[in-house]
Every structure is written in structure tokens, then in C-alpha cells.
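Commentary on secondary and tertiary structure
Listed below are the residues making up each chain.
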Amino acid sequence: TFPANNGDASQVLTTDGSGTLSWASAGGGGSPITIGTAGNTLYSSGLSGTGQGDTSTGQNIILGVSAGASASGAYNVNFLGQNAGNAATNAYESNFLGLDAGRNASSANDSNFLGFRAGYGATSAQRSNFLGYNSGNGASGAYQSNFFGFEAGLTASSALNSNFIGYLAGRLATNAANSNFIGNGAGSGATNAANSIFIGKFAGSSDTVSITGASTDSAILIGSSTKTGG
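Residues numbered from 1 in each chain as written. Predicted model: local features only at pLDDT ≥ 70, side-chain atom pairs only at ≥ 80, totals over all residues. Heavy atoms only, no water.

**Some points on the packing of aromatic side chains**
How two aromatic rings sit relative to each other is set out by the distance from centre to centre and by the angle between their planes. Inspection of every chain in the model, using the stated rule, returns 11 aromatic pairs. When the centroid spacing of 4.9 Å and the interplanar angle of 5 degrees are considered together, the rings of tyrosine 133 and phenylalanine 150 count as stacked. Here the residue tyrosine 133 occupies a position in the loop between β9 (129-131) and β10 (146-148), and phenylalanine 150 occupies one in the loop between β10 and β11 (163-165), the gap between them amounting to 17 residues. A relative accessible area of 38% means that tyrosine 133 is categorised as partly exposed. For the ring pair phenylalanine 181 and phenylalanine 198, a centre distance of 4.7 Å and an interplane angle of 5 degrees mean the geometry is stacked. Of this pair, phenylalanine 181 sits in strand β12 (residues 180-182) while phenylalanine 198 sits in strand β13 (residues 197-199); the two residues are 17 residues apart in sequence, bridging distant segments of the chain. Comparing phenylalanine 181 with phenylalanine 198, the two get one shared label, buried. Three or more aromatic residues joined by ring pairs form one cluster here, namely Phe79, Phe96, Phe113, Phe130, Phe147, Phe164, Phe181 and Phe198. (Phe/Tyr/Trp six-rings, centres within 6.5 Å; stacked < 30°, edge-to-face > 60°. Helix = DSSP H or I, 4+ residues; strand = E, 2+ residues; numbered from the N terminus. Buried < 20%, exposed > 50% of the residue type's maximum accessible area, 1.4 Å probe, protein only.)

Encoded structure:
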């Protein structure tokens, strides 16, 4: 028995080896190609409204259980890993690689989130690079920034145009726009530290100094555990 016509001409039938025939692809030409177990899906084009990875039409590769599920405005993307890009919006032309990478991210277009939960829930983080476990997780208003390291830039807010490099660098930082925090824990917990340069292990970190008030704006702190004025 042949399966019902799917509406397109020149479609290919496949067999499961036991005599059961099915269409190799559904009508419309843009259906996903399932490889391996259900939920691991490779998309190519014409993806609007096709189940997992409900993305806009574009050239996409979405691999992983629930990767790209319910995503929208996410054309020309690579979502690789379980839940990578899940529910992401306006994350077009981006690469999310890792478990939960870029999940629930919004306005994160032209970005690269690489690592476990990198960029998870990030908002207004477009044109950014988050690399490392939990890097940029929950970051907001952190567009055009680079967070490199374990939990670098975790939940950072208003940290646009910044570079946080090192283990915990810029973690929990707020109002730290146009800043460079370099070193393990540099600028961790810093607030109102815009236009600043903190270089060294925990330099300018709230673990060693209370970074509050306008006096720390445009500060330059160099040295391990440097305090304000050091």
C-alpha cells in the first residue's frame, strides 16, 4: 500500500526493510531530515512552522534534543546541543553551542555563545561573544561585548562594549559599560565602574573593595586584589 500523496511531484519513497513505505520528505520541500533518534534534527531551509525549531526561513543547522524549539526570528543559525537556542528570539545569524547555550536568549543576533548555558537568558546581547561555562548567563544590556572564562559576565547588566576575560571576570557586574576586566575575578561584583580598567586577580572586585559611587567611574586598577586608590 502506498502512503497518501503529499501533494508534491517527484517525491521519493523509502522502505524500512519490512515492506513499509513512507515519503522521504513531506510536501513543501523544506521539511527537516531526521537523523538518529527523534529530536536530533538537521534543518536546511524553508523552516517556518515546522515543529522543532520553529524558526524563520533561512539556512539553519539545529542539532540536539529540543534545540531551537519554539525559536523565532532565528534564521541563518547554528544551534548545537540539547536545548541550544530553545525559545530564542531575534537571534538570527548566531551560533549557540552547548547544553542550554542561548536558551531563552533575545535580541542576541550576530552572536556566538559557546559553553554550558553560555548566553542562557541573555537579552540585548547582540553582536557579542560569550565563551565558557555560564559565560554571559543572564546577561542583559551587554551587547557588543566579549566575556571569556568560567562564569565570565554571569548576569552582567549594562556592561555593553566591554571585555571580561578570566575566571569569574565581570561576574555580577553592573553599570560597567566600556570597561576591560582582565584576570581571575577581575571586576567580579563591580558596580558603577563604567569606562574602567581592572587588571589582576580580583582587581576591582567587590570581594576586595566596595565598588560603588561615581568615584570609581573611569578607574584604572592594576594588581592582585587592588583596592580603590591602590
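**Some words on unusual backbone geometry**
We note that serine 124 has phi near 50 degrees; this positive angle belongs to a residue other than glycine. Along the chain, serine 124 falls in the loop between β8 (112-114) and β9. Among the residues examined, serine 124 registers a relative accessible area of 31% and is labelled partly exposed.

**Observations regarding the pattern of salt bridges**
Pairing between side chains of opposite charge can happen when the charged atoms of each approach one another. Evaluated as defined, the whole model comprises three salt bridges. Between arginine 171 and glutamate 151 there is a salt bridge, with its nearest N and O atoms 2.9 Å apart. Remark: glutamate 151 occurs in the loop between β10 and β11 and arginine 171 occurs in the loop between β11 and β12; sequence separation between them is 20 residues. Note on glutamate 151: relative accessible area 13%, which makes it buried. Residues joined in a network through salt bridges with shared partners are Asp100, Arg103 and Arg117. (Salt bridge = Lys/Arg side-chain N within 4 Å of Asp/Glu carboxyl O.)

Geometry only, nothing functional implied.
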